[in-house]
Amino acid sequence: MDGSTEARSAFATDVRDRVVIVTGAGQGIGRVYAREFANSGARVIVADIDAANAEAAASGIVSDGGQAHAVRADVGDAGSVEAMAAAAQDTFGRIDVLINNAAIFSQLDRRGFEDIPLEEWNQVLHVNVTGSMMCARAVLPAMRAAGWGRIINISSSTVPLGLPGFMHYVTSKAAVIGMTRAMARELGADGITVNAIMPGLIETEVENRGRTDAVRERVLGMQCVDFLGRPNDLVGMLLFLASPASGYMTGQSVAVDGGCVHL
Ligand SMILES: NC(=O)c1ccc[n+]([C@@H]2O[C@H](COP(=O)([O-])OP(=O)(O)OC[C@H]3O[C@@H](n4cnc5c(N)ncnc54)[C@H](O)[C@@H]3O)[C@@H](O)[C@H]2O)c1
């Protein structure tokens, strides 16, 4: 499980027995990440600020025969994030992968930046950027001790698009790309890679307050493929980034968006 040449030479793309923390895994895309990592044999910490959703997601995995443990965690709170990492260690004994998925997103209203309350602006940047950094900090001791780790940040293809109406959100997801690059440089020598994905428009079970049929049609028109993305369409890239096979790739941000943006 270390980063040595011998360990990497297996081209292993599997995540069996890896301990994976997925933040924001109580609903939406994160819930599917948690389920699919468990289906692939990983042991999953289902972390969310919504304890009931985290419990429901984790028990669904367990009743399907997977390994999961729910933790109520507010990624915007340093103490809560430390407790999340401790719970992962206590439950599964290690931390191999962090998926920084939690964000303030689906409940955001679409409006011009002059109308975004400053409090909401600050909260989006705090949770989406500082929260991801604090989660990475919290898992570092375990990953450093193991000499191996994968940190996967979730950005968005709204960044290259510069999508209007969500300037705080787009700004936060742009910061995630810069953070991914700097973090990769700081952690490479520890055997820890840091990459990001930029999902396109992804439909989940949750109503997205800022999304209209006109937005869906416009995005579909910009994509190369003729269907809107679902959470499962992101899972293959995440499994790769979480596995030993991606060990020579770090600091990158990859668009998984039906070909909507080409970087
Ligand atoms: N759905 C899309 O089209 C899309 C596109 C690009 C990127 N993304 C990104 O993918 C991720 C998931 O998106 P989604 O559509 O499932 O969003 P969502 O809003 O449905 O889910 C976000 C989850 O994060 C949790 N959360 C919010 N604040 C938290 C906090 N402080 N601490 C812990 N958990 C917290 C919520 O409770 C929720 O379970 C987000 O990072 C989002 O920005 C989504």
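For every chain, the first residue of its written sequence is number 1, and the numbers climb from 1 along that sequence. This being a predicted model, a pLDDT of at least 70 is required before a residue's local features are given, and a value of 80 or more before pairs of side-chain atoms are given or counted; all residues contribute to the totals for chains, interfaces and linings. Computation of side-chain values covers all heavy atoms of the structure but excludes hydrogens and water.

Right, let's get into the environment of Leu161. As for its position among the elements, Leu161 is in helix α6 (residues 158–161). Residues Leu161 and Cys260 lie 99 residues apart in sequence; the distance between their C-alpha atoms is 8.8 Å. In contact with Leu161, not counting residues within four places along its chain, are Met222, Cys260 and Val261. To qualify as a helix, a DSSP run of H or I must reach at least 4 residues; to qualify as a strand, a run of E must reach at least 2; elements of each kind are numbered from the N terminus. Whether two residues touch is decided by their heavy atoms; if any such pair falls within 4.5 Å, the residues are in contact.

Two strands make a pair as long as DSSP finds a minimum of two bridges between them. With parallel pairing, the 7 strands of this open sheet are ordered in space as β3-β2-β1-β4-β5-β6-β7. Among the strands making up the open sheet, the edge pair consists of β3 (67–72) and β7 (253–256). Strand after strand, the sheet turns through a mean of 20 degrees between neighbouring axes, direction not considered. Sheet topology note: the strand β1 (residues 19–23)/strand β4 (residues 97–100) ladder contains 3 bridges and is parallel. By the bridge assignment for β4, Val22 is matched with Ile99. Convention adopted: a line fitted to C-alpha atoms gives each axis, helices being fitted over their contacting stretch, and angles between N-to-C directions are expressed from 0 to 180 degrees.

Burial of strand β2 (residues 43–48) is extensive: 6 of the 6 residues sit out of reach of the surface. Burial classification: accessible surface area is computed with a 1.4 Å probe over protein chains only, and a residue below 20% of its type maximum counts as buried, one above 50% as exposed, and the rest as partly exposed. Neither face of β2 is left uncovered, since the one carrying Arg43, Ile45 and Ala47 and the one carrying Val44, Val46 and Asp48 both have all their residues buried. Where β1 meets β2, 5 bridges bridge the pair, whose relative direction is parallel. Note on β2: the bridge partner recorded for Val19 is Arg43. In this structure, β2 lies alongside β3, joined through 6 bridges in parallel fashion. Bridge pairing in β3 links Val46 to Ala70.

For this document, the term salt bridge refers to a Lys or Arg side-chain nitrogen within 4 Å of an Asp or Glu carboxyl oxygen. Across all of its chains, the model carries 10 salt bridges by this definition. Among the ionic pairs, Asp14 bridges to Arg16, the shortest N-O distance being 3.3 Å. Judged by relative accessible area, Asp14 falls into the partly exposed class, the value being 33%. Accessibility expressed as a relative area gives 54% for Arg16, which makes it exposed. One salt bridge connects Arg216 with Glu203, and the closest N-O pair in it is separated by 2.4 Å.

Think of a nonpolar core as a cluster: buried Ala, Val, Leu, Ile, Met, Phe, Trp, Tyr and Cys residues, connected wherever their side-chain atoms sit within 4.5 Å. Ile21, Met84, Ile95, Leu98 and Ile151 are the most contacted members of the largest nonpolar core, which has 39 residues in total. For this core, the leading source of residues is helix α5 (residues 118–146), giving 10 residues. Residues within four places of Leu98 in sequence aside, it is in contact with Ile21, Thr23, Cys135, Ala136, Val139, Met143, Arg150, Ile151 and Ile152.

This next bit is on the packing of helix α2 (residues 28–39) against helix α9 (residues 232–242). Axis separation between α2 and α9 bottoms out at 10 Å; the angle between their running directions is 55 degrees. With respect to each other, α2 and α9 are oriented oblique. Between α2 and α9 lies a crossing of right-handed hand. Residues Ile29, Val32, Tyr33, Arg35, Glu36 and Phe37 of α2 form the contact with α9, whose own contacting residues are Asn232, Leu234, Val235, Leu238, Leu239 and Ala242. Orientation categories follow fixed angle ranges, with anything under 35 degrees roughly parallel, anything over 145 roughly antiparallel, 65 to 115 roughly perpendicular, and all other angles oblique. Helix crossings are classified by the rotation of the near helix relative to the far one: an anticlockwise turn of less than a right angle makes the crossing left-handed, while a clockwise turn makes it right-handed.

A few words on the site of the ligand. The environment of the ligand is formed by 25 residues, the closest being Asp48, Asn101, Ser106, Tyr169 and Arg211. Whenever two N or O atoms come within 3.5 Å, that pair is a polar contact, provided that in protein one can donate a hydrogen and the other can accept it, and provided that, for residues adjacent in sequence, both atoms are side-chain atoms. Asp48 is positioned with one of its side-chain polar atoms (N or O) 2.5 Å from an oxygen atom of the ligand. Areas reported here follow the Shrake-Rupley algorithm with a probe of radius 1.4 Å; residue values treat only the protein chains shown as occluding. A total of 830 Å² of accessible area belongs to the ligand in isolation, and the protein chains cover 95% of it. Only protein atoms enter the 1 Å grid used here. Points where a 1.4 Å probe fits but cannot escape make up a cavity, open sets with protein on both sides within 12 Å along at least five of seven lines make up a pocket, and a residue lines them when an atom lies within 4 Å of a point. Throughout, a molecule is located in a cavity or pocket provided that more than half of its atoms lie within 2 Å of its grid points. In a pocket analysis with a 2 Å cut-off to the grid points, the ligand is assigned to the largest pocket. Taken together, the elements giving at least two residues each to the shell around the ligand come down to α2 and α7 (167–187). For this classification, the nonpolar set comprises Ala, Val, Leu, Ile, Met, Phe, Trp, Tyr, Cys and Pro, the charged set comprises Asp, Glu, Lys and Arg, and every other residue, Gly included, is treated as polar. Of the residues in the shell around the ligand, the class split is 13 nonpolar, 8 polar and 4 charged. Being near a molecule or strand, for a residue, means having at least one of its heavy atoms within 4 Å of it.

Right, let's talk about the side chain of Ser155 for a bit. The topology assignment puts Ser155 in the loop between β5 (149–154) and α6. For Ser155, a relative accessible area of 1% puts it in the buried group. Setting aside residues no more than four positions away along its own chain, Ser155 makes contact with Lys173, Val176, Ile177, Ile197, Met198 and Pro199.

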